[in-house]
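# Breakdown of the fold
If you want the building blocks of each chain, they are given just below.
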Amino acid sequence: HRGAYRIGLEGLRSEEVVSLATDALGADPEDAAVAERVWAMSEGQPLFATELLRDVRRGVGVTQLPATVASLVRTRVDRLPIGVSRLVSAGAALGQEFDLRVAAAVAELDTDRALDSVDTALGAELIHEVEGRPDRFRFSHQLVPAAVLDAMTGARRVRLHGAIVHELEANDGSLTDIAHHLLEASPLYDLAEVASRVRRTAAIAIIDQQYDTAAELLARLSALSLGQREHAEVLNELADAYNRAGRQPQALEPLALSAEAARQNGWSDILAAAALGRWGQSPYRASRDRSVAPLLDEALSHEAGLDPRTTARLLAKRAAFTLFVDPLADRDRMSARAEQLVGPEPTPERLEVLEARWMAIACPATALDLDDIDEEIDEIRKQLGALTTDACAPEIRLYWKGEGQTLAGLAADLKDDPRQRREVDQWRMTALDGMASLFAGEFDAARLHTDKALPLGREPWGEAGVVVHGLSLIHI
C-alpha cells in the first residue's frame, strides 16, 4: 500500500521475558528459572515465548517444541517449492548454522538450483546469511530447524543424517561433526563401529582440551544400546570428561552405574576406573564424599586383576585422600609403594602418583622429601607439556614454603595460558592472586581476592577453596 512502511521489531530482552513469565506464572523462584529457559529457547521472539509459557501453564514444560509453533513453522515450509523444502530440511539436520555446499549435496541439488532455493528461503525469512561467510547460512530462529526435524519421520531423519555423514567423510569434514551425525544415523551402521569412532573422537577432543565436546559425545553414546561392558567403559570415560571440565558432580551418577556393573560382572579394571574417577582431582573432597575411600579400598582388594600402574594410582590416591585421617607413616608407606609400582619413566601416571604422594606426606617433617618430589614433578611437567594436573597442589606447596615470587609467577603463567577457561581455573587464578597479595603485604586486596575465589569454587571444588581461603586468612 502506498505510504505504508515496515517497522522492524526487536525480540524481547531477558528481563522482559522474566516479567512476562511473572505475570503468567507468579513470582516463585522456580518460575524465574523457567523464565530464563523460555528466554533462551525463544531467543526473545514474542510469539514463541508466549506459546512456551502457555505450555508451562498446561504442565508441558519447556523441554519440547510447542505444537502451535511447530505447526506455524511447518506451514511456512510446506508452502515452499520442493527443492527449497529439501534444502531447508538438509540444513535443519546440519544444525542452527549450515554450509550451503554440504546442504545442497545432501538435498541432491545442483549449484544453480541450490542458489535459487537459498534465495527463496531468504525471502521467506527462514534463514539469514552469515556475515563474511558467503556459503554459510543461519536459521532465523533455533525453533525453525527443530520444527522441521520434528515433522519428519524417524526413518527420514536417520537417512538424512546418514547422507550428511557420507558427505562430510568425502570432504574431510570435522571429526566432531561426523561423530554427532553418526550418532543420529546409528541405526544405519554397525553399533560397534559407531561406538569405536565416537570414542576415538571423544579421546581426541580430550587431548585438545575440548572436554565439554567429549562429554556431549559420550553422553549421547551412553544412551545407545551398547553391550554391558562397553557401556560401563563409556560411562567411565564420560565421568572423566566431566571431571576434566570441572563438572565433577555430574560425574557421580555414571561412576556409580559403572561401579555397580563392575561388581556384578567381576570387572576389576572397570571398578578401578570408577574409583579413580570418584576421587576426582582434589583430596579435599574427603570432607564431603565419604564413599571415596571405601571405593578405593574395594578396587584395591582386586589388585590381582590390575596392572601395576593402575594399582599405583589407586594406592597414591588412597594415601592422599586420607591425609587428614591416617598417620603419616601409613600414608608414606602406601604412597612410596605406589611410586615404586608406577616405574621411573616420566609418564602421566608417574606425574599423577608423585603429585598424590606430595599431598599425602606434606608436612614440615618431610620438607626434604618434598623438595626432591618437586624437582621431578617440575621436570615431568616440562617433558609432558603439562602446566598443572591437580587442582591445587602446585599453589599449596609454594604457599607453604613461603615462595611468594614463584607463586606470583605461576599466577601469571595461568592467566596467559588459553586453556584456563573452566570455572575451576577461574577459582585457581583468583585464589592465587589473593596469595600473591598476601606476600606483597596488600592485605585488603588479599581479602577481596579470596572472598571472590570462595564462591567460584563451587562443588566439588568448594572444599579446596575453603582450605585456600583459610590459609590466606591466617596471615591477615
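In this report, we go over the structure that sits alongside the text. Being a predicted model, the structure only gives us computed values, none of them experimental.

### Thoughts on the overall build of the chain
Helix and strand counts for the chain come out as 25 helices and 3 strands. Expressed as a percentage of its 476 residues, the buried residues of the chain come to 48%. A sequence separation of at least 24 residues applies to 59% of the contacts in the chain between residues at least 6 apart. Total accessible area on the chain is roughly 23600 Å²; 51% of this is exposed by carbon and sulfur atoms.

### Let's talk about helix α8 (residues 143-150)
Among the 8 residues that make up α8, 6 are buried, leaving the element largely enclosed by the rest of the structure. Restricting attention to buried positions, one finds in α8 the residues Leu 143, Val 144, Pro 145, Ala 147, Val 148 and Leu 149.

### Quick notes on the packing of helix α5 (residues 82-94) against α8
Relative to each other, α5 and α8 sit at 110°, their axes nearing to 9 Å. Relative to α8, the element α5 lies roughly perpendicular. Here Val 88, Ser 89, Ala 92 and Ala 93 of α5 come into contact with α8, specifically with Pro 145, Val 148 and Leu 149. Looking at the contact of α5 with α8 residue by residue, the class counts come to 6 nonpolar, 1 polar and no charged.

### What to know about the packing of aromatic side chains
In this structure the tally under the stated criterion is 2 aromatic pairs. Ring centres of Phe 98 and Phe 139 lie 5.5 Å apart, and the angle between their planes is 50°; on these two criteria the pair is classed as tilted. Within this pair, whereas Phe 98 is found in strand β1 (residues 97-99), its partner Phe 139 is found in strand β3 (residues 133-139), the two being separated by 41 residues in sequence. Of the two residues, Phe 98 and Phe 139, neither departs from the other in class, the shared state being buried. Feature note: the residues Phe 98, Phe 137 and Phe 139 constitute an aromatic cluster, connected by ring pairs.

### A look at the packing of helix α10 (residues 175-184) against helix α12 (residues 211-222)
At a minimum axis separation of 10 Å, α10 and α12 run at an interaxial angle of 15°. Classified by the interaxial angle, the pair formed by α10 and α12 is roughly parallel. When you trace α10 past α12, the crossing you get is left-handed. Mapping the contact onto sequence places Thr 176, Ala 179, His 180, Leu 183 and Glu 184 in α10 and Thr 213, Glu 216, Leu 217, Arg 220 and Leu 221 in α12. Each residue belonging to the contact of α10 with α12 can be placed in one class, and the counts come to 4 nonpolar, 3 polar and 3 charged.

### Considering the pairing of strand β2 (residues 127-130)
As defined by bridge partners, β2 adjoins β3 across 4 bridges and the pair is classed as antiparallel. Paired with Val 130 across the strands is Arg 133, a residue of β3. Linking β2 back to β3 in an antiparallel pair, the connection comprises 2 residues, with Gly 132 at a positive phi of about 80°.

What counts and how
Sequence order as written defines residue numbering, which begins from 1 separately in each chain. For this predicted model, a pLDDT threshold of at least 70 governs which residues receive local features, and a threshold of 80 or more governs which side-chain atom pairs are given and counted, while totals over whole chains, interfaces and linings are taken from all residues. Only hydrogens and water are set aside; all other atoms, that is, all heavy atoms of the structure, feed into the side-chain values. Strands are runs of DSSP state E lasting at least two residues, helices are runs of H or I lasting at least four, and both sets are numbered from the N terminus onward. Only protein chains enter the area calculation, which uses a 1.4 Å probe; residues under 20% of their type maximum are buried, those over 50% are exposed, and those in between are partly exposed. We call two residues contacting when some pair of their heavy atoms lies within 4.5 Å. Surface accessibility follows the Shrake-Rupley procedure with a 1.4 Å probe radius. Residue values consider only the protein chains on display as shielding. Working convention: axes come from line fits to C-alpha atoms, limited for helices to the stretch in contact. Angles between N-to-C directions cover 0 to 180 degrees. Note that the term roughly parallel is reserved for angles under 35 degrees, roughly antiparallel for angles over 145, roughly perpendicular for angles of 65 to 115, and oblique for everything else. Each residue is assigned to one class: nonpolar for Ala, Val, Leu, Ile, Met, Phe, Trp, Tyr, Cys and Pro, charged for Asp, Glu, Lys and Arg, and polar for all the others, Gly among them. Put simply, two rings from Phe, Tyr or Trp (the six-membered ring, in Trp's case) pair if the centres are within 6.5 Å, and we call them stacked under 30 degrees between planes, edge-to-face over 60, tilted for the rest. In this scheme the crossing of two helices becomes right-handed for a clockwise turn of the near helix relative to the far one and left-handed for an anticlockwise turn of less than a right angle. Pairing between two strands requires that DSSP report at least two bridges joining them.

Read these as spatial facts, not as claims about activity.
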